Structures are given as C-alpha cells and as structure tokens.
Amino acid sequence: CLPANQERFADGKLSTVQFHPSAQVVMTAGHDRSVSLFQVDGIKNPKIQSIYLESFPIYKACFSVDGEQVIATGTHHRMFFVYDMMSGNITPIEKVRGVEERFLRNFEVSPDGSFMLLTGTSGYLHLLSMKTKELISTMKVNGRCTASAFTPDSSKIYSYSKEGEVFIWDVRSRKCLHKFEDEGCLEGKCIAVSKNNQYVACGSASGVVNLYTTDVCLKENNPKPVKAIMNLVTSATCVTFNATTEILAVASRETDEAVKLV
C-alpha cells in the first residue's frame, strides 16, 4: 500500500495515526504542530486538509466517537484544542475548572462518547463531560497513573499505575471496585480492553505483555495471565485489540519494526 499520508509527510515525529470511526479517512498529528486528514482510497490517498496549531507540538490527537471533533493535547501544555470538523472551528480549552495540572497529555475518550478521561500527575484521573468539557469528578490511584482504558460499554475504567497495579473504577459512582497486581511488572506502560470485554492486556517497561481474562481481573488480587507475550525486547508502549478480538497488536516505539501481531 502507498503511505497513507504521502501527499503531506510530517516535518517532525508523528505522535498519532487514527482512522475515522465511520468515514474512509485517516488522521495524522505530531510534533510539527499540525493535524492532517487524508481520504484513504489506496490509489492516491488525497489530503483533505491540514490544520496548524501554533507553538503546540501535539502529544496525542483523537477523534470523538461520532467523528465530528478532533481533540489534541500538547507535549508541554495545560490547555488542549477541540477542532470541529463540521464548522472548521478550532476551540482552545484554556483551563478546566477544578483540574490543577501543569501538563495535560494523555487522555481517553469513552466508547459511548459521553466522557473524556484526562491522566493527571501524582495518580489523579479527571473525568470530563465530552459534551461540555467540564469536570465531573476526580479519582486517584496509588502512585503514578501511566495508562487507562474504558470497557466497551463505558461502565468501567481500568487504570494502570507505574508501580504495576491495575485499579478498576465504576464510572457512574467513581468508586474503586477492585485492584490487582500485574504479574512480574516492574513498571506499567500501556493497557487495553478487548471490544467484547473478554480480555485485558497490560504492557510493561520490560517488554512483557500479560493477557488476562476480565472475570479473573475483577475477582483476584494476583491473577494469573492466560498468556505472557515475551516477543518485545524494549518497553511495550502500545497494545490494542482488533475489532473482533482475534488479534492483539503489541508494539514498542523504542526500536524500528517492533510491532508484533498475536
């Protein structure tokens, strides 16, 4: 296949590549402070448009569930941008009332499109309304939170701490339902929940990705993984399931070609 972004390669490192939830469009965003959209036809992959965010290297960008907005956070900023694809407006969210953070980088959007979860420092997790971008509640894990994932029905959040503990939260009550230790983990890096809610994958700094069944995670404090995937030799920085939960992709951004499909 042709490079998806062949009509406009980025000038800096790409931090995000994401397909649109319903159209044949791919978005790229990165350290060159731009978000670009391409029509994916496999022949030319024409560029639809690029938007430029001045002095705002992008840490992460993500489509909203309805595909009408793009949310982008920066590498060293407490603000974030919301780009409305229908109107073409770019709205800066300068500050979320009640969120005292120096930087806002990592975030997740809930599968039902209602919530946005911001990962703060010192273990704080800020749950925002996707509609108003206002704070609903704040939760806190022990230690530092490195990654979070919503369950497919958006009822629970799995939060992975740097110390290798996984906290399971109820979204409605914001109470911690359970926590468990990721086996053999020295430093947690990334987490994913499969689309059918059957599996949880936890990737650590050693490159090991542990695969658990969700029912065991909700009951036991030291669950045994169904499988430990040892194929990565550098830190696992991305784990994700395909739509039918038949394939798990594990990857490390620390070396070239460190992508494995399980």
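For clarity, every value in this text was computed on a predicted model and none was experimentally measured.

What counts, and at which threshold
- Residues numbered from 1 in each chain as written.
- Predicted model: local features only at pLDDT ≥ 70, side-chain atom pairs only at ≥ 80, totals over all residues.
- Heavy atoms only, no water.
- Helix = DSSP H or I, 4+ residues; strand = E, 2+ residues; numbered from the N terminus.
- Rg over C-alpha atoms; globule rule 2.2 N^0.38 Å.
- Buried < 20%, exposed > 50% of the residue type's maximum accessible area, 1.4 Å probe, protein only.
- Pairing = 2+ DSSP bridges.
- Axes fitted to C-alpha atoms, helices over the stretch in contact; angles between N-to-C directions.
- UniProt positions renumbered as here; feature names shortened; annotations may be inferred.
- Core = buried A, V, L, I, M, F, W, Y, C linked by side-chain atoms within 4.5 Å.
- Contact = heavy atoms within 4.5 Å.
- Phe/Tyr/Trp six-rings, centres within 6.5 Å; stacked < 30°, edge-to-face > 60°.
- Lys NZ or Arg CZ within 6 Å of the ring centre and 35° of its normal.
- Polar contact = N/O pair within 3.5 Å; in protein donor to acceptor, adjacent residues only side chain to side chain.

A. Quick peek at the overall build of the protein chain. Looking only at helices and strands, the protein chain features one helix and 23 strands. Its C-alpha atoms give the protein chain a radius of gyration of 18 Å, near enough to 18 Å, the size a compact globule of 262 residues would have. Taken along its principal axes, the extent of the C-alpha atoms in the protein chain is 50 × 45 × 30 Å. Put simply, the protein chain has 262 residues, and 47% of those count as buried.

B. A look at the sheet that holds strand 8 (residues 90-93). Pairing in this open sheet of four strands is antiparallel, and the strands run 5-6-7-8 from one edge to the other. The sheet is open, and its two edges are formed by strand 5 (58-63) and strand 8, each paired on a single side. When the angles between neighbouring strand axes are averaged without regard to direction, this sheet yields 20°. Looking at chain direction, strand 6 (residues 69-74) and strand 7 (residues 80-84) are connected through five bridges and run antiparallel. Counted as the bridge partner of V70 is Y83 from strand 7.

C. Expanded view of the UniProt feature "repeat: WD" (unreviewed entry) in the protein chain. The positions UniProt marks with the feature "repeat: WD" (unreviewed entry) are residues 149-179. Helix makes up 0% of residues 149-179 and strand 58%, whereas the separation of the span's terminal C-alpha atoms amounts to 14 Å.

D. View of the sheet that holds strand 13 (residues 145-150). In space, the four strands of this open sheet follow the order 13-14-15-16, with antiparallel pairing throughout. With partners counted over all chains shown, the strands left at the sheet margins are strand 13 and strand 16 (176-181), one partner each. Pairs of neighbouring strands in the sheet enclose a mean axial angle of 20°, with direction left out of account.

E. Spatial organisation of the nonpolar core. One finds M27, V35, I58, A61 and V70 to be the most contacted residues of the largest nonpolar core, which totals 16 residues. Looking at this core, the elements with two or more residues in it are strand 2 (25-30), strand 3 (34-39), strand 5, strand 6 and strand 7. Excluding residues within four positions of it along the chain, I58 makes contact with S15, A29, G30, H31, R33, S34, V35, L53, A72, T73, G74 and T75.

F. Structural context of the packing of aromatic side chains. One pass over the structure, following the stated rule, counts three aromatic pairs. Seen from their ring centres, F56 and F81 are 4.8 Å apart, and the 90° between their planes marks the pair as edge-to-face. Placement of F56 in the loop between strand 4 (47-52) and strand 5 and of F81 in strand 7 is noted, with a sequence separation of 25 residues between them. The pair formed by F56 and F81 is uniform in burial state, with each residue classed as buried. Note on F180 and Y212: the rings are 5.5 Å apart at their centroids and 65° apart in plane angle, and the pair reads as edge-to-face. Taken as a pair, F180 in strand 16 and Y212 in strand 19 (residues 209-213) lie far apart in primary sequence, 32 residues in all. Taking the relative accessible area as the measure of exposure, Y212 reaches 0% and is therefore buried. In this arrangement the basic side chain of K60 is found over the ring face of F107, its NZ or CZ atom lying 5.0 Å from the centre. Its end group placed over the ring of Y124, K140 keeps NZ or CZ at 5.4 Å from the ring centre.

G. Highlighting the side chain of H20. Along the chain, the position of H20 falls in the loop between strand 1 (14-19) and strand 2. In this structure H20 comes out as buried when scored by relative accessible area, which is 12%. For H20, the side chain forms a polar contact with the main-chain nitrogen of S22, separated by 3.0 Å. Residue contacts for H20: discarding those within four places in its chain leaves V25, F63, G67 and M85.

H. Fine view of the environment of E54. Mapped onto the fold, E54 is located in the loop between strand 4 and strand 5. A relative accessible area of 66% places E54 in the exposed class. Residues E54 and R33, spaced 21 residues apart in sequence, show a C-alpha to C-alpha distance of 6.6 Å.

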